[in-house]
Every structure is written in structure tokens, then in C-alpha cells.
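Geometric and topological summary
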Amino acid sequence: EAIKAAMRFVAAPAWKDYIISPDLGLQNVTTDAELDQLVLQWADVDLHGVGTASMSAKGAKHGVVDPDLRVKGCLGLRVVDASVM
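Below: a short report on this structure. A quick note: this is a predicted structure, and the numbers were derived from the prediction, not measured.

Relative to the assigned elements, Ser-56 resides in the segment after α2 (32-42). In this structure the side chain of Ser-56 is engaged in a polar contact, spanning 2.4 Å, whose partner is the backbone oxygen of His-62. Of note is the side chain of Ser-56, whose polar atom sits 2.4 Å from the side chain of Lys-72. Discounting residues that sit within four places of it in the chain, Ser-56 has contacts with His-62, Gly-63, Val-65, Asp-66, Pro-67 and Lys-72.

This is the structure we're talking about:
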């Protein structure tokens, strides 16, 4: 249902100058069975690395970020994803 909603969304007149054509074969889908088959064909797992930016105390010399997620040694840069888990 989410894919169908997305297809209806991009088919709205407001997007006509931005969307050239549907992608991934969606233009040929007419039934739920065809949509299911397309989803199975294109579904994939993207593994996102976690724990790659270690957190340590503010004064510690080790670690990539402090408890406020500020990258040590950089001004104005924070890590805000799963790499600090």
C-alpha cells in the first residue's frame, strides 16, 4: 500500500515537470501480484555499520565523539547516526 501511495503522490500534476518517468518498472505494474513480484525483485538489505565511531568521556583522549555527539578535534561537527551506538 505504501508503494501505491507513493505512485499516486508522484503522479500528481504538481510533479509533472519533475518526474520524467516511473522507475524500476513501476510503469508496467497493473495488479497487486505484479507489484508484489517487483518488490521481491528489487528488495534488498543494506547493512549500515554501527559502532564505528566510539563514544568516550569529554576529557578522554580515546574515542571519536563525546557524550554530546561532538566529534573530538572538530568544531561544529556531530555524529548523529547509528555509528555511535
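Moving on, there is more to tell.
Let us look at the pattern of salt bridges. Note on pairing: side chains with opposite charge can pair once their charged atoms come close. Applying the stated criterion to the full structure yields 6 salt bridges. With its nearest N and O atoms 2.7 Å apart, the salt bridge here joins Lys-58 to Asp-68. Here the residue Lys-58 occupies a position in the segment after α2, and Asp-68 occupies one in the segment after α2, the gap between them amounting to 10 residues. For Asp-68, a relative accessible area of 30% puts it in the partly exposed group. When salt bridges that share partners are traced, they join Lys-58, Asp-66, Asp-68 and Arg-70 into one network.

As a further point, take unusual backbone geometry. We note that Leu-69 has phi near 70°; this positive angle belongs to a residue other than glycine. In this fold, Leu-69 is placed in the segment after α2. Given a relative accessible area of 23%, Leu-69 falls into the partly exposed group.

To continue, consider the nonpolar core. One finds Ala-53, Val-65, Val-71, Val-79 and Val-84 forming the largest nonpolar core, which totals 5 residues. Sequence-distant contacts of Val-79, defined by excluding residues within four places in its chain, comprise Val-65, Leu-69, Val-71 and Val-84.

Reading the values: rules and limits
- Residues numbered from 1 in each chain as written.
- Predicted model: local features only at pLDDT ≥ 70, side-chain atom pairs only at ≥ 80, totals over all residues.
- Heavy atoms only, no water.
- Helix = DSSP H or I, 4+ residues; strand = E, 2+ residues; numbered from the N terminus.
- Polar contact = N/O pair within 3.5 Å; in protein donor to acceptor, adjacent residues only side chain to side chain.
- Contact = heavy atoms within 4.5 Å.
- Salt bridge = Lys/Arg side-chain N within 4 Å of Asp/Glu carboxyl O.
- Buried < 20%, exposed > 50% of the residue type's maximum accessible area, 1.4 Å probe, protein only.
- Core = buried A, V, L, I, M, F, W, Y, C linked by side-chain atoms within 4.5 Å.

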